[in-house]
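The chain contents come next:
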Amino acid sequence: MRFLLTNDDGVQAEGLLVLAKALRSMGEVQIVAPDRPRSASGHSITLHKPLRVTRVRLADGSTALASNGTPSDCVALALRSLLDERPDLVVSGINRGPNLGMDLTYSGTVSAAMEGAILGVPAFAISVASYAEDAPFEPAARFARRLASEILLHGIPPQSLLNVNVPAVPEEAIAGIQVTRVGRRHYPETVVKRTDPFGRAYYWLGGDPPEDVLEEGTDVKAIAENYIAITPVHLDLTCYPLIPELSRWGLGPR
Ligand code: MN
């Protein structure tokens, strides 16, 4: 069994180390991850500057490959060039912080798993729903191992991936596992505008945490109730109901 691991928190992140340790008991683990934190990099890829890859040593003495590229670059590099053999599974994480609702499109963690799916390798992303320094990664790592063996048994259809969020609570406080859909979060609209020492304005996005909309069946609600949320995600972003609607607009042949 061969695993390719990556993340968006950087190659030295604790979550990646804990994940690698958990999956090594099941097979061969190779890591290709960004050489620095790349959270919220989305599905960005690097086309206009060279990518470098260096071998680095992790905190447990094992080695990994680090790239100056994005999480998606790392998966593409690994699958197209760096790995001698194709992995059976791409796992991205364990991210520090939730990837719920529209986070999916902002997330480097989820995008890396998407890149795996695009390149035809089963993939899942896994996140712990807390940014806290002491966020517990072990329950997520144990679940990653369980999920990996189920995926290897059942497979995942082409063009799809799984997005997993694990509540940031001790194992015994996890309420269970729910298969969910993508929920909604209201992101704060505030932008901080300040003035730099040269008198020019600069802007700061983010800061306040998003407000969760607790709809039944969503990843957002499952995490709020301490369930592990598994959301199947498809790469086809087409809005099918709009196809007949747009066809009626009379946009004409050209
Ligand atoms: Mn991250």
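Look a little higher up for the structure.
Everything in this summary refers to the structure shown in the same document. (Residues numbered from 1 in each chain as written. Predicted model: local features only at pLDDT ≥ 70, side-chain atom pairs only at ≥ 80, totals over all residues. Heavy atoms only, no water.)

**Considering the pairing of strand 2 (residues 28-34)**
Stage number 1. In terms of burial, strand 2 is largely enclosed, as five of its seven residues are buried.
Stage number 2. Direction of pairing for strand 1 (residues 2-6) relative to strand 2: parallel, over a ladder of four bridges. Residue pairing for strand 2: arginine 2 is matched across the bridge by glutamate 28.
Stage number 3. Following the backbone out of strand 1, through helix 1 (residues 14-24) and into the adjacent parallel strand 2, one traces a crossover that is right-handed. (Buried < 20%, exposed > 50% of the residue type's maximum accessible area, 1.4 Å probe, protein only. Helix = DSSP H or I, 4+ residues; strand = E, 2+ residues; numbered from the N terminus. Pairing = 2+ DSSP bridges. Right-handed = clockwise from strand over helix to strand, strands pointing away.)

**Structural notes on the coordination of the manganese ion**
Stage number 1. The manganese ion binds to the protein through Asp8 (OD), Asp9 (OD), Ser39 (OG) and Asn95 (OD1); the donor distances cover 2.1 to 2.2 Å.
Stage number 2. Read in sequence order, the donor residues for the manganese ion give the motif D-D-x29-S-x55-N. Placement of the pair is serine 39 in the loop between strand 2 and strand 3 (53-57) and asparagine 95 in strand 5 (residues 89-96), with a sequence separation of 56 residues.
Stage number 3. The partly exposed category is assigned to serine 39, whose relative accessible area is 45%. (Donors = N, O, S within 2.8 Å, 3.2 Å for Na, K, Ca; no water.)

**Overview of the layout of surface pockets**
Stage number 1. Roughly 620 Å³ of internal volume is contained in the largest pocket.
Stage number 2. Taken together, 22 residues line the largest pocket, and the ones lying closest to its centre are Ala40, Asp103, Tyr106, Tyr131 and Tyr187.
Stage number 3. Contributions of two or more residues to the lining of the largest pocket are made by strand 5 and helix 3 (103-106).
Stage number 4. Considering only residue class, the lining of the largest pocket consists of nine nonpolar, seven polar and six charged.
Stage number 5. Estimates place the volume of the second largest pocket at around 320 Å³.
Stage number 6. Together, 13 residues line the second largest pocket, and Leu104, Met114, Val233, His234 and Leu237 are the ones closest to its centre.
Stage number 7. Of all the secondary-structure elements, those providing two or more residues to the lining of the second largest pocket are helix 3 and strand 13 (227-234).
Stage number 8. In terms of residues, the lining of the second largest pocket owes the most to one element, strand 13, which gives four residues. (1 Å grid on protein atoms, 1.4 Å probe; cavity = no way out; pocket = protein on both sides within 12 Å on 5 of 7 lines; lining within 4 Å. Points joined across faces, edges and corners; volume = space filled by probe spheres on them. Nonpolar A, V, L, I, M, F, W, Y, C, P; charged D, E, K, R; others polar.)

**Regarding the packing of aromatic side chains**
Stage number 1. The final tally for this structure, using the stated rule, is one aromatic pair.
Stage number 2. Centroid distance tyrosine 106 to tyrosine 187: 5.8 Å. Interplanar angle 80°. Geometry classified as edge-to-face. Here the residue tyrosine 106 occupies a position in helix 3, and tyrosine 187 occupies one in the loop between strand 9 (184-186) and strand 10 (191-195), the gap between them amounting to 81 residues.
Stage number 3. Exposure remark for tyrosine 187: the relative accessible area of 28% places this residue in the partly exposed category. (Phe/Tyr/Trp six-rings, centres within 6.5 Å; stacked < 30°, edge-to-face > 60°.)

**Examining the packing of helix 2 (residues 71-82) against helix 4 (residues 108-118)**
Stage number 1. It is at 7 Å that the axes of helix 2 and helix 4 come closest, and there the two elements cross at 25°. Considering their axes alone, helix 2 and helix 4 lie roughly parallel with respect to each other. When you trace helix 2 past helix 4, the crossing you get is right-handed. On the side of helix 2, the interface is formed by Pro71, Ser72, Val75, Ala76 and Leu79, while helix 4 contributes Gly108, Ser111, Ala112, Glu115 and Gly116.
Stage number 2. For the contact of helix 2 with helix 4, a count of residues per class yields five nonpolar, four polar and one charged. (Axes fitted to C-alpha atoms, helices over the stretch in contact; angles between N-to-C directions. Parallel < 35°, antiparallel > 145°, perpendicular 65-115°, else oblique. Left-handed = near helix turned anticlockwise from the far one by under 90°. Contact = heavy atoms within 4.5 Å.)

**Thoughts on a nonpolar patch on the surface**
Stage number 1. Among the surface-exposed residues, Leu242, Leu246, Trp249 and Leu251 lie close enough to one another that they form a single nonpolar patch of about 430 Å² accessible area.
Stage number 2. Assignment of secondary structure puts leucine 246 in helix 7 (residues 242-247).
Stage number 3. Judged by its relative accessible area of 37%, leucine 246 is partly exposed. (Patch = residues over 30% accessible without salt bridge, like charges linked within 9 Å, V, L, I, M, F, W, Y side chains within 5 Å. Areas by Shrake-Rupley, 256 points an atom, 1.4 Å probe, with all protein chains shown as cover. Salt bridge = Lys/Arg side-chain N within 4 Å of Asp/Glu carboxyl O.)

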